[in-house]
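Residue-level structure breakdown
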Amino acid sequence: MILIADAGGTKTDWRLLNGQQISQFTSKGFNLKIQDFDAYLKELPRELASLKGISNVYFYGAGIVSEQEAASLNTLLELFYPGAKARSYPDTLGAARSLFAEQSGYVCLLGTGSGAALYDGQGISRRIPSLGYVLGDEGSGCHLGRSLLQSHLRHGLPDDLRALFGLEYPEMNEASVLEAVYKQPGANIFLAQLVPFIVEHQNHPFIYQLVAGAFHRYFQAFFPEQEKYQGSSFKFIGSVAHLLSNILRRVASGYGYRIDLIAQSPIAGLTLYHQKHG
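Conventions used here
- Residues numbered from 1 in each chain as written.
- Predicted model: local features only at pLDDT ≥ 70, side-chain atom pairs only at ≥ 80, totals over all residues.
- Heavy atoms only, no water.
- Helix = DSSP H or I, 4+ residues; strand = E, 2+ residues; numbered from the N terminus.
- Expected span 1.5 Å × (residues − 1).
- Buried < 20%, exposed > 50% of the residue type's maximum accessible area, 1.4 Å probe, protein only.
- Arc of directions from axis to C-beta.
- Contact = heavy atoms within 4.5 Å.
- Pairing = 2+ DSSP bridges.
- Axes fitted to C-alpha atoms, helices over the stretch in contact; angles between N-to-C directions.
- Phe/Tyr/Trp six-rings, centres within 6.5 Å; stacked < 30°, edge-to-face > 60°.
- Core = buried A, V, L, I, M, F, W, Y, C linked by side-chain atoms within 4.5 Å.
- Disulfide = S-S within 2.5 Å.

Quick word on helix H3 (residues 67-80)
- Between its first and last C-alpha atoms H3 spans 20 Å; for 14 residues at 1.5 Å apiece the expected length is 20 Å, and the two agree.
- Of the positions making up H3, those classed as buried are Ala-70, Leu-73, Asn-74 and Leu-77. Down the axis of H3, the sector holding all buried residues measures 110°, keeping them to one side. Facing away from the buried surface of H3 by more than 90 degrees, the exposed residues are Gln-68 and Leu-79.
- If you follow the buried residues of H3, they end up packed against helix H1 (37-42), strand E4 (56-61) and strand E5 (85-90).

Dropping the structure here:
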């Protein structure tokens, strides 16, 4: 049996392949840069923790950068699932395998966090560092939520939006926000929780400009040499890209970039990939 995990900042999607039978599970999100993997495994739902007879585990996770980090995760996974061979990879490779399989192109992540890489059909040949939600993650759910909260707390929202925001998030005052962002764990997830509000009101001129501005920041940060990338294949993955795809496509076209595909999650493509490759 093969167990596949795609771990993002908000949640982890799991697939268990047992011949032609596929089972699916969901657990909390994971990012190696801000979470302890051993503690993460201990908090997995019982139906995942109790699985037996696993031969291979493929874990794709946010924050995995070095081979040493991947090896450390592999050791813990093999202790957690005795008898299994574990392989851990960056979430960018998971997205690339899901989107491109054996083809090549630019894989672009826009979910809770953001990222980009050039995939050559087998591996990541060029990676543009995300730098995390403090230094980077341009265009991400975290970035969007931060921008919306800045406008809210500095009284920059139009009156109609301010009223709607207050009804939906009455607890979002300066004190509670600063407590959640600076004193509590999971600040990136806290900020990204505002994405549904942004999606719901994406046609409002203020929200449209906020989202478009964030996507401009994404392309400027990850693809700064505009002429170099025109004509290349871009494929996006992640909830932010999927739910705000109309705005994303408009911004991309302004740079002369062609978006060939936008998918919400890598897990379906990864399931097909590992059904073929093991």
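Observations concerning the pairing of strand E2 (residues 11-18)
- Most of E2 sits inside the fold, with six of its eight residues counted as buried.
- Relative to E2, strand E1 (residues 2-7) runs antiparallel, the two being bridged by six bridges. Bridging from a neighbouring strand, Leu-3 pairs with Leu-16 of E2.
- In this structure, the hairpin formed by E1 and E2 is closed by a connection of three residues.
- Sheet topology note: the E2/strand E3 (residues 21-28) ladder contains eight bridges and is antiparallel. Residue pairing for E3: Thr-12 is matched across the bridge by Ser-27.

Comments concerning the environment of Phe-25
- Within the secondary structure, Phe-25 sits in strand E3.
- When its relative accessible area of 14% is taken as the criterion, Phe-25 is described as buried.
- Once the C-alpha coordinates of Phe-25 and Phe-236 are considered, the two residues, 211 residues apart in sequence, prove to be 23 Å apart.
- Sequence-distant contacts of Phe-25, defined by excluding residues within four places in its chain, comprise Thr-12, Asp-13, Trp-14, Arg-15, Leu-16, Glu-47, Leu-48 and Leu-51.

Let's talk about the sheet that holds E2
- Strand order in this open sheet of five strands is E3-E2-E1-E4-E5, and the pairing throughout is mixed. In this open sheet, the two edge strands, each paired with only one partner strand, are E3 and E5. Averaged over neighbouring strand pairs, the angle between their axes works out to 15° when direction is ignored.
- The pairing of E1 with E4 spans six bridges and is parallel. Within the sheet, the bridge partner assigned to Ile-2 lies in E4 and is Asn-56.
- Contacts from helix H4 (residues 91-100) reach E4 and E5 within the one sheet, and its direction differs from that of E5 by about 95°.

Remarks on the packing of aromatic side chains
- Enumeration over the complete set of coordinates arrives at 30 aromatic pairs.
- Residues Phe-30 and Phe-59 carry aromatic rings whose centres are separated by 6.2 Å and whose planes lie at 70° to one another, so their mutual orientation is edge-to-face. Highlighted residues: Phe-30 in the loop between E3 and H1 and Phe-59 in strand E4, separated in sequence by 29 residues.
- Between Tyr-169 and Phe-197 the ring centres are 6.1 Å apart and the planes differ by 65°, which places this aromatic pair in the edge-to-face class. Placement of Tyr-169 in the loop between helix H7 (159-168) and helix H8 (174-182) and of Phe-197 in helix H10 (residues 195-200) is noted, with a sequence separation of 28 residues between them.

Thoughts on the nonpolar core
- Judged by nonpolar contacts, the single largest core of 47 residues is most densely connected at Phe-219, Phe-223 and Phe-236.
- By residue number, the principal contributor to this core is helix H11 (residues 205-222), which donates nine residues.
- When sequence neighbours within four positions are dropped, the list of residues in contact with Phe-219 reads Pro-224, Phe-236, Leu-248, Val-251, Ala-252, Tyr-255 and Tyr-257.

So, the state of the cysteines
- Evaluation of the coordinates by the stated rule reveals zero disulfides.
- There is no disulfide at Cys-108, and the cysteine sulfur nearest it, in Cys-142, is 19 Å away.
- Overall, the relative accessible area of 0% leaves Cys-108 in the buried class.

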